[in-house]
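# Examination of the molecular architecture
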Amino acid sequence: IDKLAAITMGKRQRGIRGPGGGGAKPAAEEAVKIAPNMSKLPRKKMYRARAHSNPLSDQIFDIPEDPNAVDWASLYPSFFPQADQAAPAAASEQPSTSGQGEQPLVRFADIGCGFGGLLIRLSPLYPDTLMVGMELRSKVSEYVKERIASLRLEHPGQYGNVSCVRTNAMKYLPHYFRKGQLTKMFFLFPDPHFKTANHRRRIINTTLVTEYAHLLAVGGMLYTITDVPELGEWMRSKLDTHPLFERVSDEELESDPAAGLLTQASEEGQKVARNQGSTHRAVYRRLASPRPLEANPEKLASRR
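Presented here is an overview of the structure given in this document. (Residues numbered from 1 in each chain as written. Predicted model: local features only at pLDDT ≥ 70, side-chain atom pairs only at ≥ 80, totals over all residues. Heavy atoms only, no water.)

Right, let's talk about the sheet that holds strand β1 (residues 106-111) for a bit. Across the sheet, 7 strands lie side by side as β3-β2-β1-β4-β5-β7-β6; this open sheet has mixed pairing. Because the sheet does not close on itself, it has two edges, and the strands there are β3 (162-166) and β6 (245-247). Here the strands of the sheet are splayed against their neighbours by 20 degrees on average, with no regard to which way each runs. Against the sheet, helix α6 (residues 138-154) touches β2 (130-135) and β3, its axis set at about 160 degrees to β3. (Pairing = 2+ DSSP bridges. Helix = DSSP H or I, 4+ residues; strand = E, 2+ residues; numbered from the N terminus. Axes fitted to C-alpha atoms, helices over the stretch in contact; angles between N-to-C directions. Contact = heavy atoms within 4.5 Å.)

Next up on the list: helix α12 (residues 267-274). Along α12, the residues that are buried comprise Glu267, Gly269 and Val272. As for α12, its buried residues are in contact with α5 (117-125) and α6. (Buried < 20%, exposed > 50% of the residue type's maximum accessible area, 1.4 Å probe, protein only.)

Within helix α8 (residues 206-215), the full set of buried residues consists of Leu208, Val209, Tyr212, Ala213 and Leu215. For α8, the arc enclosing every buried residue in end-on projection is 165 degrees, short of the 170-degree limit, so these residues lie on one face. Tucked into the core, α8 has its buried residues touching α7 (169-172), β4 (182-188), β5 (216-226), α9 (229-240), β6 and β7 (280-286). Where α8 starts, the residue carrying a side-chain oxygen 3.2 Å from the main-chain nitrogen of Thr207 turns out to be Asn205. (Arc of directions from axis to C-beta. Polar contact = N/O pair within 3.5 Å; in protein donor to acceptor, adjacent residues only side chain to side chain.)

Only a minority of non-glycine residues have a phi that is not negative, and only a minority of peptide bonds are not trans. Backbone geometry places Tyr159, a non-glycine residue, at a positive phi of 60 degrees. Along the polypeptide, Tyr159 turns up in the loop between α6 and β3. Its identity as a non-glycine residue notwithstanding, His193 has a phi of 45 degrees, on the positive side. Its place among the elements puts His193 in the loop between β4 and α8. A relative accessible area of 10% places His193 in the buried class.

Function cannot be inferred from these measures alone, as they are strictly geometric.
Structure follows, in structure tokens:
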């Protein structure tokens, strides 16, 4: 009897289950419990990265030759039937419409999307609109991709319209988008690059604003927000003095769902709110034709 008790006790200590006994559960049973957890959101601490990256430095990642070379079907599989994946869209200077037989195009671009907070909030508001986040930091872009993949598993049929690519938006936007393709561009809490010598690294500058005007459709919106007063003034000055953009009034923005998300949708915006900081928002509309620069009151005031 003592020998039998010792054998039974040894089995329990080693995790071997006897008839009606305790011990460890079989591996298959444990796998059933672990499998559902695979769709849990990734943890940010596993994707640590610097707060900012130098956009003028050379980094290694894939760059499409032109917008037709981008494999959008792999990023938005639910929007691209399998039959269409083998045939790339025909080249065109103008964005395709929503006619039958034409592939959908990305319409929203979050430049420097960070951890993807804005994209996740925009997705259910515009479920039929494809939107992409563009992020230069490798680990951060991987986090956003994993986050979106997990959300798609947890919420079948949702978040299929958002994705993320790693790229340098200061250099390669025309490799992804055609003329007049985008209807919304977002620049949330960009790197201020405080040193005067580094101002050329700022994502809003005279040259790039012209490029954004080229990519935005007439009536398209460009959203900016920052918690740095000097940077806010800088971005407004570059956009106010560009003939193809006009500033949208705060009254008009009250009916714009996207504008209401700028302050707290992103992780950086939430951080500013926790610290009770102030933000500086400015939204602009792409004009059909250049406006007279002399009609700009801020420019007239600066000349006096």
